[in-house]
Amino acid sequence: MERKIPCTYMRGGTSKGCFFLASDLPEDPKARKSWLLKIYGSPDSRQINGMGGATPTTSKAAVISKSSRPDADVDYLFCQIGIDSSMVDMSMNCGNISSAVGPYAVDHQLVKAKEPITEVRIYNVNTGKIILARVPVRNGRYDSEGSYRIDGVPGTASRIDLAFQKPQGAVTGKLLPTGHPLDFLEIEGEQVAYSFVDAANPIVFVSSRSIGIKGTETPAQYEALENIVRIKKRIEILRGTCAVTAGLAKDLEDARVNSPVLPKVAICSEPERVLKDEQGGTEADYADIVARFITLNGKMNPSFAGTAGICMAVAANTPGTIVHRILCAGQGEKVSFEKIRIAHPCGIMEIGAEFTGKEDGGKVLESCILGRTARKIMDGFVYICTD
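The following refers to the structure shown.

Calculation rules
Residues numbered from 1 in each chain as written. Predicted model: local features only at pLDDT ≥ 70, side-chain atom pairs only at ≥ 80, totals over all residues. Heavy atoms only, no water. Helix = DSSP H or I, 4+ residues; strand = E, 2+ residues; numbered from the N terminus. Rg over C-alpha atoms; globule rule 2.2 N^0.38 Å. Buried < 20%, exposed > 50% of the residue type's maximum accessible area, 1.4 Å probe, protein only. Contact = heavy atoms within 4.5 Å. Areas by Shrake-Rupley, 256 points an atom, 1.4 Å probe, with all protein chains shown as cover. Salt bridge = Lys/Arg side-chain N within 4 Å of Asp/Glu carboxyl O. Pairing = 2+ DSSP bridges. Expected span 1.5 Å × (residues − 1). Phe/Tyr/Trp six-rings, centres within 6.5 Å; stacked < 30°, edge-to-face > 60°. Lys NZ or Arg CZ within 6 Å of the ring centre and 35° of its normal. Lys, Arg positive; Asp, Glu negative; His and termini not counted.

What about the overall build of the chain?
- In terms of helices and strands, the chain carries 10 helices and 18 strands.
- By the compact-globule yardstick of 21 Å for 387 residues, the chain fits well, its C-alpha radius of gyration being 20 Å.
- Residues counted as buried form 55% of the 387 residues belonging to the chain.
- In the chain, 61% of the contacts between residues at least 6 apart in sequence involve partners at least 24 apart.
- In the form shown here, the chain has an accessible surface area of approximately 17,100 Å², with 49% of it arising from carbon and sulfur atoms.

The following block contains the structure:
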């Protein structure tokens, strides 16, 4: 039987996907998964028979409903849809897709629109965390027009600020799942240093030297490396080991098969700063750290994940982590960073950090701020055949 399902196709940050009201999809998890796979045309490497774009960043979905929680306006479930597999993963959140949730909620009257900015309190079902979105509004609708630009997306749009509230321990319940800011794992006879940090999503941070790359490669250059098979193997051993540590898998093989999405890996290196006066660079060219984000099957993300940026900002403010050590190079042991700029293949991502003071003079990180843009691409129906 052919069904038509109300659907809004949206770009959020550097990702895009289908947005649904929860009431328009089956409540039964198995049936919902079946519908999503058919909607996206999976499993198929081209997703030719569905809405999927045949890349991880364009094979995503958001399921939204009005929230019954006193601290939230809407509930938001993120789904990562497999491309050439029947995977529908709901263990993580996507920061980029999160940026379109507020506009969707405004346009679907799930919150009362207020001009010029409507604050939407989003409860992310995947991680149990609250995200505060500040959404530009005009004439009772989301206003996408503006001059704000994010690297990785052509053109400009209005700025949406996302404040990830208390992002620590989003999946494992611990900021540092191993109990340490820095750990070592022997891989092929070498000691590889890494930091496993859980904030917004659990991310394994490792230096580019430990993995065997420069750290400034584009995705195409990365895939063309002569030893790419060995590099991906090292990344998967590191990722799988941390999956076991986090209780997401029993062993490395179980991590590869049953926990392919989490944790993620971010490869870090020192910034290659330009000299504005001598080379014609601008402030926008300056970065505090260079990073490459590894997604499914060891592939490099063409930009950088929003949640990885949030996690990196938390790691930057956690002394002893690889991220903190890189940021402190040449600056002494700074205790806190209120802003970090991350260089990725498409440009720069900037993350802000907000703190509250402690009686002993210290600081507690309360939230991380990510500026994004979003756009409604299509509103209508998607059709599938169901039994």
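A short note on the side chain of Arg 234
- Structurally, Arg 234 is set in helix α6 (residues 228-245).
- Once residues within four sequence positions are removed from consideration, Arg 234 is found in contact with Ile 187, Glu 188, Glu 190, Val 192, Ser 210 and Ile 211.

Section: the pattern of salt bridges
- The tally for this structure, following the rule as stated, stands at 18 salt bridges.
- Linking Glu 190 and Arg 234 is a salt bridge whose minimum nitrogen-to-oxygen distance equals 3.2 Å. Here Glu 190, found in strand β11 (residues 190-199), pairs with Arg 234, found in helix α6; they are 44 residues apart in sequence, far enough to count as distant.
- We classify Arg 234 as buried; its relative accessible area is 3%.
- Linking Glu 253 and Arg 256 is a salt bridge whose minimum nitrogen-to-oxygen distance equals 2.5 Å. Of this pair, Glu 253 and Arg 256 both sit in helix α7 (residues 252-258), 3 residues apart, which is roughly one turn of the helix.
- A relative accessible area of 44% means that Glu 253 is categorised as partly exposed.
- Using a relative accessible area of 47% as the deciding quantity, one classes Arg 256 as partly exposed.
- Shared partners join several salt bridges into a network, and the residues in it are Asp 107, Arg 141, Lys 376 and Asp 379.

Let's talk about unusual backbone geometry
- With omega at 0°, the peptide bond leading from Glu 115 into Pro 116 counts as cis.
- Considering the arrangement of structural elements, one finds Pro 116 in the loop between α3 (101-107) and β6 (117-124).
- Look at the link from Leu 262 to Pro 263: it is a cis peptide, with omega at -10°.
- Positive phi, normally seen in glycine, also occurs at Gln 109, with a value near 55°.

Re the pairing of strand β2 (residues 15-21)
- Within β2, 5 of the 7 residues are buried, which leaves the element mostly enclosed by the surrounding structure.
- Where strand β1 (residues 2-12) and β2 come together, 5 bridges link them in antiparallel fashion. Within β2, the position partnered with Gly 12 by the bridge is Ser 15.
- The pairing of β2 with strand β3 (residues 60-66) spans 5 bridges and is parallel. Across the sheet, the residue bridging to Phe 19 is Ala 62, located in β3.

Some points on helix α1 (residues 29-40)
- Under the 1.5 Å per step criterion, the end-to-end length of α1 is 17 Å for 12 residues, consistent within 8% with the ideal 16 Å.
- Close packing links the buried residues of α1 with β1, β2, β3, β4 (74-81), β5 (88-89) and β18 (374-385).
- Backbone geometry just downstream of α1 places Gly 41 in the positive-phi region, at approximately 75°.

So, the packing of aromatic side chains
- Enumeration over the complete set of coordinates arrives at 2 aromatic pairs.
- For the ring pair Phe 19 and Tyr 104, a centre distance of 5.7 Å and an interplane angle of 40° mean the geometry is tilted. Of the two residues, Phe 19 is situated in strand β2 and Tyr 104 in helix α3; the sequence distance between them amounts to 85 residues. Of the two residues, Phe 19 and Tyr 104, neither departs from the other in class, the shared state being buried.
- Between Phe 293 and Phe 304, the ring centres sit 5.7 Å apart and the planes meet at 65°, which makes this aromatic pair edge-to-face. With Phe 293 in strand β14 (residues 289-294) and Phe 304 in the loop between β14 and α9 (306-316), the pair connects residues that are 11 residues apart, well separated along the chain.
- Sitting over the face of the ring of Tyr 123, Arg 69 holds its NZ or CZ atom 3.9 Å from the ring centroid.

Observations concerning the pairing of strand β17 (residues 363-372)
- Within β17, 7 of the 10 residues are buried, which leaves the element mostly enclosed by the surrounding structure.
- In this structure, strand β9 (residues 160-165) lies alongside β17, joined through 6 bridges in antiparallel fashion. From the neighbouring strand, Ala 163 faces β17, where its bridge partner is Ile 369.

Brief notes about the side chain of Asp 254
- Along the polypeptide, Asp 254 turns up in helix α7.
- Of the side chains bearing the opposite charge, Lys 250 lies closest to the buried Asp 254, which forms no salt bridge; the N-O distance is 5.1 Å.

Looking at α9
- Among the 11 residues of α9, 11 are classified as buried, and the element is accordingly described as predominantly covered.
- Where α9 is concerned, the buried positions are Gly 306, Thr 307, Ala 308, Gly 309, Ile 310, Cys 311, Met 312, Ala 313, Val 314, Ala 315 and Ala 316.

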